Amino acid sequence: MRASGEIDHHSAEKIKQVVEKEIKRTSAVNVAFDFGCVTFMDSSGIGMLIGRYKTVTALGGTMIIFDANEQIKRLMNMSGLTRLVTVSETLQKGITQMNKIRSAQI
């Protein structure tokens, strides 16, 4: 999912609906968020991401957030989101990082 602009109380609900619809449509269990074009995120965005995390983990999947700017990474770190999901520079690095974590858990 490519997000752009601001993720706040105005847009978080719409993103939630789009992601939920795509999960149902495709039967996907893994979700990757491209934050390369996201300029701002507040606590509504964190809540939306935590909700999607709960959805995908209930399905047995995982979530990656990649290409977020430093301000958004700092917010995700302060909220504890980075302890739940893989946050990386690129999608490929996120997949590699996620696979290493999975291998260590086996």
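Residues numbered from 1 in each chain as written. Predicted model: local features only at pLDDT ≥ 70, side-chain atom pairs only at ≥ 80, totals over all residues. Heavy atoms only, no water.

1. Describing the side chain of Arg52
- You can see Arg52 is positioned in helix α2 (residues 43-58).
- With residues up to four places along the chain from it excluded, the contact list for Arg52 reads Lys16, Val19, Glu20, Phe33 and Met63. (Helix = DSSP H or I, 4+ residues; strand = E, 2+ residues; numbered from the N terminus. Contact = heavy atoms within 4.5 Å.)

2. A closer look at the nonpolar core
- Of all hydrophobic cores here, the largest spans 24 residues; its most connected members are Phe33, Phe35, Leu49, Met63, Ile65 and Met76.
- At the level of secondary structure, the elements contributing two or more residues to this core comprise β1 (2-7), α1 (12-26), β2 (31-41), α2, β3 (63-66) and α3 (70-79).
- Those residues in contact with Phe33 that lie beyond four places of it in its chain are Met1, Ile15, Val19, Met48, Leu49, Arg52, Met63, Ile64, Ile65 and Phe66. (Core = buried A, V, L, I, M, F, W, Y, C linked by side-chain atoms within 4.5 Å. Buried < 20%, exposed > 50% of the residue type's maximum accessible area, 1.4 Å probe, protein only.)

3. Regarding the packing of aromatic side chains
- All told, the structure shown has one aromatic pair when counted by the stated rule.
- On the basis of an interplanar angle of 90° and a centroid distance of 6.3 Å, the ring pair of Phe33 and Phe35 is categorised as edge-to-face. Of the two residues, Phe33 and Phe35, both sit in the buried class. (Phe/Tyr/Trp six-rings, centres within 6.5 Å; stacked < 30°, edge-to-face > 60°.)

As far as function goes, none of this settles anything; it's purely spatial.
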